Amino acid sequence: MDLDEKKVAVITGGASGIGLATARVLAGSGVKLVLGDIEEEPLKNALEELHAMGASAIGVRTDVANEEDVIALRDAALREYGGAHVVFNNAGVVGGPCIATPKKVWDWVFSINIDGVVNGINAFVPLFLEQNEGHVVNTASLAGLGGMPGMGAYCASKFAVVGISESLFHELAMSQKNVGVSVLCPGFVKTRIHESARNMPNELVSYNEDPMVKIVTDVATNAVNAGIDAADVGVAVANAIRDNRFFILTHERVAIRTTEQRLGWMQGGPPLGVNIEAATKP
Ligand SMILES: NC(=O)c1ccc[n+]([C@@H]2O[C@H](COP(=O)([O-])OP(=O)(O)OC[C@H]3O[C@@H](n4cnc5c(N)ncnc54)[C@H](O)[C@@H]3O)[C@@H](O)[C@H]2O)c1
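Throughout this document, residue positions are counted from 1 along each chain, in the order its sequence is written. This being a predicted model, a pLDDT of at least 70 is required before a residue's local features are given, and a value of 80 or more before pairs of side-chain atoms are given or counted; all residues contribute to the totals for chains, interfaces and linings.

A.B. asks: Explain the overall build of the protein to me, using residue names and the numbers behind them.
C.D. replies: Every helix listed is a DSSP run of H or I at least four residues long, and every strand listed is a run of E at least two residues long, numbered separately from the N terminus. A tally of helices and strands in the protein yields 9 helices and 9 strands. The C-alpha atoms of the protein give 18 Å as radius of gyration, which agrees with the globular expectation for 282 residues (19 Å, within 12%). Counting only C-alpha atoms and orienting by the principal axes, one finds that the protein spans roughly 50 × 40 × 30 Å. Three exposure classes are used, based on other C-beta atoms lying within 10 Å of a residue's own C-beta, which is placed from the backbone: buried for 20 or more, exposed for 12 or fewer, and partly exposed in between. Expressed as a percentage of the 282 residues in the protein, the buried residues total 45%. Put simply, 73% of the contacts in the protein that link residues at least 6 apart link residues at least 24 apart. Each radius of gyration reported is based on C-alpha atoms, and the globular scaling rule is 2.2 Å times the count of residues to the power 0.38. Any pair of residues counts as being in contact when their C-beta atoms, constructed from backbone geometry, are within 7 Å of one another.

Written as structure tokens, this is what we have:
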């Protein structure tokens, strides 16, 4: 899809990190932006920054776990700009080793990372099919291509996003419409993802005092800070929309190696290795 001033892109989790970085890149091509985010102050700041660079952008306070919020986000795009052509289902949070993580924490991670993507697909894909034009980008992770210790709920949610995206790919191909889908699988990127607990419901916050959770958060913080710039991810997302490419692998070497090692494991070889440092490199 051409990215120009005739296009409208809706980005969830658009107030910071990868979402905002992608908004900046799309704005550079003239694309009009509708940012949805649960955090109001960062959303306001993001809009001010985009307006200062001459972009056309609005923001809507959105909890992607809530279906009505995502429908309202779509309707805001239709009301303000008369259409929508790209939905970037990107909002996400981290949390939860497999061992001793309360079910409510798994539910919280799934409600944002999985339900948020499902809500985005339900709100936008029928519109894209009807107008015979559109592109969906879903944010998964390298953690959706191989399991990692300390990140059970996150890995499960990101495997789900890869699975949903692959299924959607086949359904869209069968529809023979001009609607594409991409799945973004980054390694570590310098954002605030390791501070996801900032958006946790109050009744779950004490979970972050668990010693195992603290260790995982420390490792994740170091890896995120050693990661690639979000701007590079924004460019990769924009290019994938233009080229209608399915996999967006910003850390291509480790993505391919992980997949090869999984195949070897399935065939009776050694289990998948875990190399946090490698996952910080492009
Ligand atoms: N940063 C990394 O290393 C990395 C690696 C792989 C995948 N990802 C994925 O990238 C996506 C973006 O994360 P990021 O790294 O930019 O982190 P970030 O924390 O900087 O940005 C995430 C944004 O999502 C918003 N958000 C959180 N819960 C929400 C909700 N319920 N509804 C709407 N918005 C909500 C936050 O307010 C924030 O603005 C996530 O899906 C994350 O899992 C990040």
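A.B. asks: I'd like a description of the sheet that holds strand β4 (residues 86–89), backed by residues and values.
C.D. replies: Taken in spatial order, the 7 strands line up as β3-β2-β1-β4-β5-β6-β9 in an open sheet, and their pairing is parallel. For this open sheet the edge positions go to β3 (57–61) and β9 (247–248), each flanked by a neighbour on one side alone. Two strands qualify as a pair provided DSSP detects at least 2 bridges between them. Examined bridge by bridge, strand β1 (residues 8–12) and β4 share 3 bridges and lie parallel to one another. In the sheet register, I11 faces β4, and the bridge partner there is F88. Lines fitted to C-alpha atoms define the axes, with helix axes restricted to the stretch in contact, and inter-axis angles between N-to-C directions lie between 0 and 180 degrees. Relative to the sheet, helix α5 (residues 115–131) contacts β1, β4, β5 (134–139) and β6 (179–184), its axis offset from that of β5 by approximately 165°.

A.B. asks: I'd love a proper account of the site of the ligand, names of residues and values included.
C.D. replies: For the ligand, the set of nearby residues contains 32 residues, the closest of which are G13, G17, A91, G92 and T191. Considering every element that reaches the shell around the ligand, the biggest residue donor is helix α1 (residues 17–28), with 3 residues. Residues are grouped as follows: Ala, Val, Leu, Ile, Met, Phe, Trp, Tyr, Cys and Pro are nonpolar; Asp, Glu, Lys and Arg are charged; every other residue, Gly included, is polar. Residues of the shell around the ligand, tallied by class, amount to 14 nonpolar, 14 polar and 4 charged. The criterion for a residue being near a molecule or strand is a backbone-placed C-beta atom within 6 Å of that molecule or strand.

A.B. asks: Before we move on, could you go through unusual backbone geometry and cite the residues and values that matter?
C.D. replies: Comment: phi is negative for the bulk of residues other than glycine, and the bulk of peptide bonds are trans. At N132, a position not held by glycine, the phi torsion is positive, near 55°. Within the element layout of this structure, N132 appears in the loop between α5 and β5. For N132, a count of 11 C-beta atoms within 10 Å translates into the label exposed. Here Q176, not a glycine, exhibits a phi torsion of approximately 60°, which is positive. Within the secondary structure, Q176 sits in the loop between α6 (152–175) and β6.

A.B. asks: Provide a residue-level description of helix α2 (residues 40–52), including the pertinent values.
C.D. replies: A helix is expected to span 1.5 Å for every residue after the first. Helix length check: α2, at 13 residues, gives a terminal C-alpha distance of 18 Å against a target of 18 Å (1.5 Å per residue), a fit within 8%. Residues of α2 that are buried include every one of L43, A46 and L50, and no others. Angularly, the buried residues of α2 cover 60° about the axis, an arc narrow enough to put them on a single face. For α2, exposure combined with an orientation more than 90 degrees from the buried face picks out E41, E48 and A52. Buried-residue contacts for α2 involve α1, β2 (32–37) and β3. G54 sits one or two residues past α2 and shows a positive phi near 90°. In this description, one arc is meant: the one made by directions from the helix axis to the C-beta atoms.

Distances and angles like these do not, on their own, reveal function.
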